[in-house]
Amino acid sequence: MRFQRRGIATAFMGCAIMLAHSTAHSSEIQSATIEVANIEVPSPADRPIVDDVIYFVLPDRFANGDPANDKGGISGGVSDHGFDPTHKGFYHGGDLRGLIEKLDYIQGLGVTAIWMTPIYQNNPVQRSATDRASSGYHGYWVTDFTRVDRHLGENDDLKALIDAAHARGMKVILDIITNHTADVIKLRECLDPSASPDTQIDYCPYRDKGSFPYATRGDVNGEAINKGFTGDAPGQQTEQNFKRLVRPDYAYTPYIPEGQENAKTPNWLNDPIYYHNRGDSLFRGESSLYGDFIGLDDLMTEHPRVQQGLIEIYRSWVESFDIDGYRIDTTRHVNTSFWRRFLPAIAAAAEAKGRPHFYMFGEVFDPSPAVLARFTHVDGLPTVLDFALQSRMRAVLSQGKSPMLLADLFKVDGIYKGGTKGAALLPTFVGNHDIGRFGYFLKSDRPTISDDEAFKRMRLAHALMIFARGVPVIYYGDEQGFTGDGGDQNAREDMFRSQVASYNDNDLMGTTRTTADDNFNTDHPLYQAIQTMTSLFHSHRPLRRGRQIVRFASDEEVGLFAISRQMDEPKDEYVFVINTSNQPMSQHIEVDVRSQNWQTLAGECEAQAAAPGSYMVTVPGLDYILCKSEF
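Just so it is clear, the model here is predicted, and its values are computed rather than measured. (Residues numbered from 1 in each chain as written. Predicted model: local features only at pLDDT ≥ 70, side-chain atom pairs only at ≥ 80, totals over all residues. Heavy atoms only, no water.)

A. Layout of the layout of surface pockets. The space that makes up the largest pocket amounts to roughly 710 Å³. The wall of the largest pocket is formed by 30 residues, among which Phe293, Ile294, Asp434, Asp488 and Arg492 lie closest to the centre. When the residues that make up the lining of the largest pocket are grouped by side-chain class, the tally is nine nonpolar, 12 polar and nine charged. (1 Å grid on protein atoms, 1.4 Å probe; cavity = no way out; pocket = protein on both sides within 12 Å on 5 of 7 lines; lining within 4 Å. Points joined across faces, edges and corners; volume = space filled by probe spheres on them. Nonpolar A, V, L, I, M, F, W, Y, C, P; charged D, E, K, R; others polar.)

Structure below.
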């Protein structure tokens, strides 16, 4: 079903981003300015991340620009090359060339930065205890950290994408993994000798450090194993101490299957001594740091050689490709000493490359702001994905809980490193490739929801994400009404014509199309609604950089939530109000006493304050308004 976008005072003016010389090489535009909705802002290298709108995309599921690389140059069948566009767990053919071809579409949404899932060479097909067989289409099973996965293209294709994005004033952010590699190392005690190699499953219960210490009493010959090695406690992480770690069989007996001895690049990654080899993580206690993440080979990131090796890998990408940032996968499963060494080294490399605003954010999968903030203080991460806000947005906008939950969350923004300025760096999102799409949450939380209501709630979620504090991240396909059937593979639909039955039977929001169609429709009402929001975001600096003040939050199950965004210069106040009720609602809210005269940016705003410091707002059901006052 298709719905009309409501009217709005400020229309999107031309392309979201322009350059006077759009074909210029990225190295030639470092100090250039770009035009966003008729205002000039710094070019990518000079632009703070708070001025950006990020688009998060899985290249394999976006656009197929070169069908010749669909099988990654690998002969054989699906179990060899991993290409099966009919299966949601295998490669579908999208690539970096496809992204280049669709930059107009992405840019038209008002996006100024692209974040991609890992693009490094992956193990094409892998088996685990939880997933009998699937491919590395998502990018998290890396074997070669030095090159682009051949299913996605070549290193030159990445350079071409970055150059094309920079020429448009857009940033490119890469996803990186430091916690683990692809599953290559096997543990002898876990294998079923009666199983064939094709069906071998090697789930290994975690063996803790107390029961299986690194330095044991002795082997069969009475020789001490790893004599003098004392693990990774503070003060023990010295080169000399780690030289005593000479055998990896303190918990299990690791080995590399025949023919895979050199499966990983750089070569040092092929030595089991640089992995924990303690079995599978339980995702609690010490196993969260030392266990294999769903069978993936867990790197010993406390080891100085591993730390230096990963620094060299990711510093090389910074130096060779002019990238603009890193999203860091599975951050909480890596020890603090690693981050304290890795993060400053990468920041220094980016600074030397002329990227002082290089954006690094970690994935800490937790809805608690206290847990998230801990990683900015203790581990030194510049910022982390805002799972706390995402969970509150679902609670308020999908599950019907009180808007006071949002006020309570924003009240503790000061706990992040840097206080509220640190909170302003948090990447905010409504759904993603792991937890699922917001459209799925709506249909799960409200099974009888109408298409019209789902569309309005989806639009409202994006408005809150874009106009509240933080760096907004749009998950690809949400602007086309994608819903998905859950998390992980079920939330990774194709933008080009899909052949996956479980994707194609989904009822998309705001359209009669399905994922069996090509979905790059710039007339889609969600695309246009988000486009309007990003135009306002780019046109009004306080909406990007202004301090946030919670003005009102209903303590009822449904109601209004209002914030102000203000800067010292310009001396303006912006009021953003959402209504989580199906019915229109009005409320006097507190504002700056200087805010007397108001204008409408979105919805309908009163022209005058009710009294000094008081402003009446009226918001239609499941809608928002955005009002501006000039002092």
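B. Main features of the sheet that holds strand S24 (residues 624–630). Within the open sheet, the five strands sit side by side as S18-S19-S20-S24-S22. Their pairing is antiparallel. At either end of the open sheet lies a strand with only one pairing partner, and these are strand S18 (547–553) and strand S22 (598–602). Pairwise comparison of adjacent strand axes, ignoring direction, gives a mean angle of 25 degrees for this sheet. As defined by bridge partners, strand S20 (residues 572–579) adjoins S24 across seven bridges and the pair is classed as antiparallel. The partner of Ile578 across the bridge, within S24, is Tyr624. Across the sheet, helix H11 (residues 404–411) lies against S18, strand S19 (560–566) and S20, angled at about 150 degrees from S18, the strand it touches most. (Pairing = 2+ DSSP bridges. Helix = DSSP H or I, 4+ residues; strand = E, 2+ residues; numbered from the N terminus. Axes fitted to C-alpha atoms, helices over the stretch in contact; angles between N-to-C directions. Contact = heavy atoms within 4.5 Å.)

C. Molecular detail of the packing of helix H4 (residues 155–167) against helix H7 (residues 304–321). Packing of H4 against H7 brings their axes to within 11 Å, and their N-to-C directions diverge by 55 degrees. Overall, the two elements H4 and H7 adopt an arrangement that is oblique. Contacts between H4 and H7 involve Asn155, Leu158, Lys159 and Ile162 from the former and Trp317, Ser320 and Phe321 from the latter. Here the residues of the contact of H4 with H7 sort into four nonpolar, two polar and one charged. (Parallel < 35°, antiparallel > 145°, perpendicular 65-115°, else oblique.)

D. Layout of the packing of aromatic side chains. Using the criterion set out here, one finds 35 aromatic pairs in the structure. Pairing Phe56 with Tyr475 gives two aromatic rings, centres 5.5 Å apart and planes at 35 degrees, and the pair type is tilted. Taken together, the positions of Phe56 in strand S3 (residues 54–57) and Tyr475 in strand S17 (residues 471–475) put the pair 419 residues apart, joining distant regions of the chain. Neither Phe56 nor Tyr475 differs from the other in exposure class; each is buried. (Phe/Tyr/Trp six-rings, centres within 6.5 Å; stacked < 30°, edge-to-face > 60°. Buried < 20%, exposed > 50% of the residue type's maximum accessible area, 1.4 Å probe, protein only.)

E. Representation of the nonpolar core within the structure. Of all hydrophobic cores here, the largest spans 156 residues; its most connected members are Tyr55, Phe62, Met116, Tyr314, Trp317 and Tyr326. With 10 residues, helix H14 (residues 451–467) is the largest single contributor of residues to this core. When residues no more than four places from it in sequence are discounted, the contact partners of Tyr314 are Tyr120, Phe145, Ile176, Ile177, Thr178, Tyr326, Phe342 and Ile346. (Core = buried A, V, L, I, M, F, W, Y, C linked by side-chain atoms within 4.5 Å.)

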